[in-house]
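Here is how the chains run, residue by residue.
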Amino acid sequence: MLAVKKLVEKASIKKPGGNSSDGLKASDVDPRLLFHNGVPSSAANFAYDNTHMILAISTKDGRIKLYGKGNSQALLESTEPLPSKFLQFIQNQGILINVTSNNHIEVWDIDKKLLSDAYIVKEEITSFALIQHSLYMYIGYSNGDISVLKIDQEPLHVVKMQYSIPLSASYGNSEVPDDTVVTHILPQPAAESKRVLIIFRNGQIVLWDIRESKTVFKAGGNSETKKVSSACWSCPFGSKVVVGYNNGEIFIWSIPSLNVGRDSSASVPDHSNTQSTPLLKLNLGYKSEKISIGSMKWIYAEGKASRLYVMGDSDNASSSNSLQVVLLNDNIESRTIKLGLNLSECCVAMEMISASSIEQSKHRQESLVLIGKSGHIYQYDDGLIERYLIQSQSKSSPSLPLEVTVKLPFGDSSITASKFISNPTNVFNIDDEYYKDLMKNYPPLITIETNQKDSSTLSSAKFTGFSKVQNLYITGHSNGAINFWDASCPLFIPILQLKQQSENDFSLSGIPLTALFLDSTLPLLVSGDQSGTVRLFRFKQEPYTTNSFMSLTGGSKKGTDHIIQSVKVVKTDGAVLSMNINHSSTLLAVGSDQGHVSVFSMDGPTLLYQKNIASEISAGIVDLQFLTCSLQGFEKNILAVGTKDSSVLALDSETGNTLGNGSVHPKKPSRALFMQVLGSNTNTEDATTKQSHILLCSEKALYVYSLVHAVQGIKKVLYKKKFHSSSCCWASTFHSNDDIGLMLLFTNGKLELRSLPELSLIVETSIRGFNYSPPKLGSFSDTQMCCSSRGDLVLVNGDQEIFVFSTLIQSKNFRLLDSVSTIYSKERMASQEELVPGQAIHKEKKKGIFSSVIKDLTGGKEKHAPVAETEDSKESIQELAVIFSNPNFTTEADNHDNLTADEDDLDLNIDDIDIDDHEEEKHKEQNKLGLGALNKKKLAGKFNALKGKLKEMKGNMHKTSAKEEQQEEQAGTVDQIKKKYGFSSYSSSDETSAAKLSESKLRENLNKLQGINVKTTEMQDTAKSFSSLANQVLRTAEQDRRSS
């Protein structure tokens, strides 16, 4: 009998309840994230573009949040939800490099907000560094090797260069220890194109000469007791480096510098090839507490204000000593001047950002931003930190800098209830210019204005009525306040706040709100709180006077008198969970967490009846709905009740009596989330012909019951769907024209759209970064979810972030999506003069590279500093293009010489001969090309060696001459010129211009082609003359031999 009963139940479940082809289809929906506002959870790392003032925050789940000027924000998502190892901007190029934990190098186009390339590396990447003002980068591996990569443009993609720094060359030919992981690669300031500092985990420090392809200096050494955990430069000339170790020690090492300042304070002592002892040891207390040095950042400042920021490893450090700032400059004081920031929690990353543009450099302010272990963002005014350290030297008592927590502008209380109402008929009531003006006054999420409490101090906009608001978001808070937001654009704008408890009490109740219900036709707002108090706010007729209302943290006592007509208060037993209104009878139904159903007449309001729904599992009323149903030929006004234990029952809405045989419920109930009556509220005699159903959604399953049977207490399951992989945490219905769909959100972020009533899956996606944790007993969840009837979903995660998610394919319910998400534009890209550090801001005084170095080291703030004598950066980067394009080590057995051929093998090549007349220009061009050409001494040596080998090279000379004659016929083409010489010719106006290697550049400079042909012909004529001279020398030598 049991088997037969199960078969009957399954057959009834499969029975179709209507024409599914007429319901919601996959072509009707397009689930997508429209916008993300705030700080993403699980934030882990920073990057900052000084030029365009773009801050990037990477997360542990593969997201990258971008913050730009004018409150612009954008969210990028990697293909895989993996954390970042390294994150860095290529300055002023709109390119962001992200190295993921699985050793993929992602190249992001910030202008298009697209992933342009994902370069896969098989080895374990342990270090990463960009060469400033170029598209080159170093990649260090766990085996001690270093590769050079380049970003090619249009389209952006990664190219591996021929140049490399193998461990055998950098570490030396001595016995290499086991732990040779490259932890830090630091291009030397003011000589980035010439030298790079390599630091291994075992403590070995190596200074590498890029052009010579050899190690020129070593410091530190192999240590088995401590490992390198952090490092940074502490001198703008690259003469000192700070190294932090996992045992808490901090050493300052002296490094030979090619660009030492003119003042004596910047000079460094003479160096031998190795150094075993550091210049200075810093004692900041980390060693005594066995705290590893997590990260360090040195900031150059005027006078003696240069300082070092040291962050302890978050796994071991306490919040009281996690971050310390110490004065660190060339004038070492007798005592250490330091500041320990009392953080709210241990931090995992830090960055220095600017609060103004380069054009406003006179008023530049810096802000220190930190990422806590929880993912929260904190900030300090760096100017106050500097002031504290300076005043500490005079033994005064400066005030400590204040910590500001970055959070959304929700006031001082958390959201405990919310509603989202979309009114698509009001799309054109207010134009975009209105919202653009509001955006200009919207406080930035991350700011250094520490005189404000935080960004939650947000003033309300002018409000004239709900009918003019396209999207209305209502939030109930833990302090009893109700806030109304204009959610028509991505940054929600406050328009109204209700605080009053009754007609004469305008103070906050301090009791968390638990339920909200808005009836825009009356218009009426009903709120319920944790104590069982229900307030009915009846609004006056619109339009309202155009007052500007209070901020979310204060306001006038009677600032809503012109909006609120009356406030009525009723009570029920237990915290309010659900509410609904019957328009025809003006009845208000209220359900509580203790299982009470209370029905009030809103005319009084007066209590008509109260019904307690007992439950052995879990009491609580999750949903209430008024409807009219035909039973046995009679129309009946019914109140459908959904309980927390997944039971459904029907009450007579006028008397409260239970209809039928009681409730219907599944065999294995779980906590119910949502109940909805489908296809009812009709006055037809046969409700079954209209396919009326009751939908019940719980954490573990979906059920669709027959409404007529459920009203009578008879369980008839039409459709059922169980969840297996994860639990459902929220559910709601939405509409697309005349079709209705079901939206399900799961604890792991999965989002499902299903058809009704069949429950068939339409589409499945996920919201990355969303993870739901059920609240503890007596508390509220940090995550609040609600959606409009049009399927626009709003998720709020505490005071950190808001997700705005849309489901329908033609949904255009939000404004300014493109403008608010525009972080970077190529039209705003700085000029090439700003890119090249050899040009100062004031063109009449050329300062070289140093001013730009200071800007890079200080996060964009340019300070006055001693000027370094350096080479032109533009030419240096172009030299690197040639050096990196050629292999410097063919095999592991090769020596450190960068020549690909043995100098002892005298293979004459036309590139070994300079065609210019001036020795100075010849020497400069040879260096500029970086082709390993012979200098004057090497060339003279070759001519001396020529006398001893002319005989055996006679054949080679004839071949060379013939080859040159053949190439002369084809010397007019650009490709052959490139292939032969590796550079473009010089124009008559600028014979010392840098070599142009790109074919695209040659095409752009067609006017130079004639000069190329002329110069090529001269070079080949010189080659032939040399060949003839060599033959003449050979004949003369043979005649001398015969005569002797």
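Residues numbered from 1 in each chain as written. Predicted model: local features only at pLDDT ≥ 70, side-chain atom pairs only at ≥ 80, totals over all residues. Heavy atoms only, no water.

So the rule is basically this: UniProt positions are given in the numbering used here, feature names are shortened, and annotations may be inferred rather than shown by experiment.
As annotated in an unreviewed UniProt entry, the chain carries the name Lethal giant larvae (Lgl)-like C-terminal domain-containing protein and is attributed to Stylosanthes scabra. UniProt annotates the chain under Sequence similarities (unreviewed entry) with the comment "Belongs to the WD repeat L(2)GL family."

**Thoughts on the overall build of the chain**
Using the following cut-off: Secondary structure elements are defined from DSSP: runs of H or I of at least 4 residues count as helices, runs of E of at least 2 residues count as strands, and each element is numbered from the N terminus. The rule is simple: take the accessible area with a 1.4 Å probe, protein chains only, and divide by the maximum for that residue type; under 20% is buried, over 50% is exposed, in between is partly exposed. Note on contacts: a residue pair qualifies if any of its non-hydrogen atoms lie within 4.5 Å across the two residues. Residue exposure ignores everything except the shown protein chains as possible cover, and the areas themselves are Shrake-Rupley values with a 1.4 Å probe.
Regarding its fold elements, the chain presents 15 helices and 56 strands. Taking all 1044 residues of the chain together, the buried fraction comes to 54%. Look at the contacts in the chain between residues 6 or more apart in sequence, and 58% of them connect residues 24 or more apart. Just so you have it, the chain exposes about 47,000 Å², and 47% of that area is on carbon and sulfur atoms.

**With respect to the sheet that holds strand β20 (residues 250-254)**
We count it as follows: DSSP-based pairing: two strands are paired if at least 2 bridges between them are found. Between N-to-C directions, angles cover 0 to 180 degrees, with each direction set by a line fitted to C-alpha atoms, over the stretch in contact for helices.
The strand order across the open sheet formed by four strands is β18-β19-β20-β22, and the pairing between neighbours is antiparallel. Both edges of this open sheet fall to β18 (228-233) and β22 (280-282), since each of them pairs with a single strand only. Averaged over all pairs of adjacent strands, the angle between strand axes in this sheet comes to 25 degrees, irrespective of strand direction. Strand direction decides the pairing type here: β18 and strand β19 (residues 240-245), joined by five bridges, are antiparallel. Opposite S230, over in β19, you have G244 as the bridge partner.

**Considering the pattern of salt bridges**
Let me state the cut-off plainly: When a carboxyl oxygen of Asp or Glu lies within 4 Å of a side-chain nitrogen of Lys or Arg, that pair is called a salt bridge.
According to the stated counting rule, one finds 19 salt bridges in the structure shown. With its nearest N and O atoms 3.4 Å apart, the salt bridge here joins R535 to D529.

**Section: the sheet that holds strand β33 (residues 482-486)**
The strand order β31-β32-β33-β34 describes an open sheet built from four strands, whose pairing is antiparallel. Where the open sheet ends on each side, the last strands, each with one partner, are β31 (415-422) and β34 (493-498). Taking the axes of each pair of neighbouring strands and ignoring which way they run, one obtains an average angle of 20 degrees across the sheet. By the bridge criterion, seven bridges tie β31 to strand β32 (residues 471-477) in an arrangement that is antiparallel. Bridge pairing in β32 places I421 opposite L472.

**Concerning helix α3 (residues 382-393)**
Our working rule: Multiplying one less than the number of residues by 1.5 Å gives the expected span of a helix. Along the arc lie the directions from the helix axis toward the C-beta atoms. Think of a polar contact as two N or O atoms within 3.5 Å of one another; within protein, one of them needs to be a possible hydrogen donor and the other a possible acceptor, and neighboring residues in sequence only count if both atoms come from side chains.
Counted at 1.5 Å a residue, the expected span for α3 with its 12 residues is 16 Å, and the 17 Å between its end C-alpha atoms agrees. Among the residues of α3, D382, I385, Y388, L389 and S392 are the ones counted as buried. Angularly, the buried residues of α3 cover 115 degrees about the axis, an arc narrow enough to put them on a single face. Each element contacted by the buried residues of α3 is listed here: β24 (307-312), β25 (323-327), β26 (338-341), β27 (347-354), β28 (366-372) and β29 (377-381). Two or three places before G383, at the start of α3, stands the capping residue D381, its side-chain oxygen 2.9 Å from that residue's backbone nitrogen.

**Topic: the pairing of strand β47 (residues 693-698)**
Across the six residues that make up β47, a large majority, six, are buried. Across six bridges, strand β46 (residues 672-678) lies against β47 in antiparallel orientation. Among the inter-strand pairings, V677 is bridged to a residue of β47, identified as I694. In this sheet, strand β48 (residues 701-706) lies alongside β47 in antiparallel orientation, the contact comprising five bridges. Following the sheet pairing, L695 is matched in β48 by V704.

**A few points about unusual backbone geometry**
Between L522 and the following residue, P523, the backbone shows a cis peptide bond with an omega angle of -15 degrees. Relative to the assigned elements, P523 resides in the loop between β35 (513-519) and β36 (524-529). Of note, the bond from L756 into P757 is cis; its omega dihedral lies within 30 degrees of zero at 5 degrees. Turning to its location among the elements, P757 is positioned in the loop between β52 (750-755) and β53 (761-766). In this model, E154 sits at a positive phi of 55 degrees, which is unusual for a non-glycine residue. On the secondary structure map, E154 appears in the loop between β12 (146-152) and β13 (157-165). According to the relative accessible area criterion, E154 is exposed, its value standing at 76%. Even without being a glycine, A190 presents a positive backbone phi close to 65 degrees.

**So, the confidence of the model for the chain**
Operational definition: The score called pLDDT rates the predictor's confidence residue by residue, from a low of 0 to a high of 100.
Model confidence for the chain is summarised by a mean pLDDT of 77, while 70% of its residues fall at 70 or above. Note that pLDDT drops below 50 for residues 357-361; the model gives that stretch five contacts with residues more than four away or on any other chain. Long-range and interchain partners of residues 547-557, a stretch whose pLDDT sits below 50, account for 31 contacts in this model, where long-range means more than four residues apart.

**Comments concerning the packing of aromatic side chains**
How two aromatic rings sit relative to each other is given by the distance of their centres and the angle of their planes. Stated formally: Only the six-membered ring of Trp is used, alongside the rings of Phe and Tyr, when aromatic pairs are assigned; centres must lie within 6.5 Å, and planes under 30 degrees apart are stacked while those over 60 apart are edge-to-face, with the rest tilted. Lysine and arginine charges are scored as sitting over a ring when NZ or CZ, respectively, is within 6 Å of the ring centre and within 35 degrees of the ring normal.
In this structure the tally under the stated criterion is 15 aromatic pairs. Consider the rings of Y171 and F200, whose centres lie 5.2 Å apart with planes at 70 degrees: the pair is edge-to-face. Here Y171, found in helix α2 (residues 167-171), pairs with F200, found in strand β15 (residues 195-200); they are 29 residues apart in sequence, far enough to count as distant. Both residues of the pair, Y171 and F200, belong to the buried class. The rings of Y136, Y138, Y163 and F884 are connected pair by pair, giving a single aromatic cluster. Lying across the ring of Y245, K226 places its NZ or CZ 4.5 Å from the centre. K750 extends its terminal NZ or CZ atom over the ring of F746, reaching a point 4.4 Å from the ring centre.

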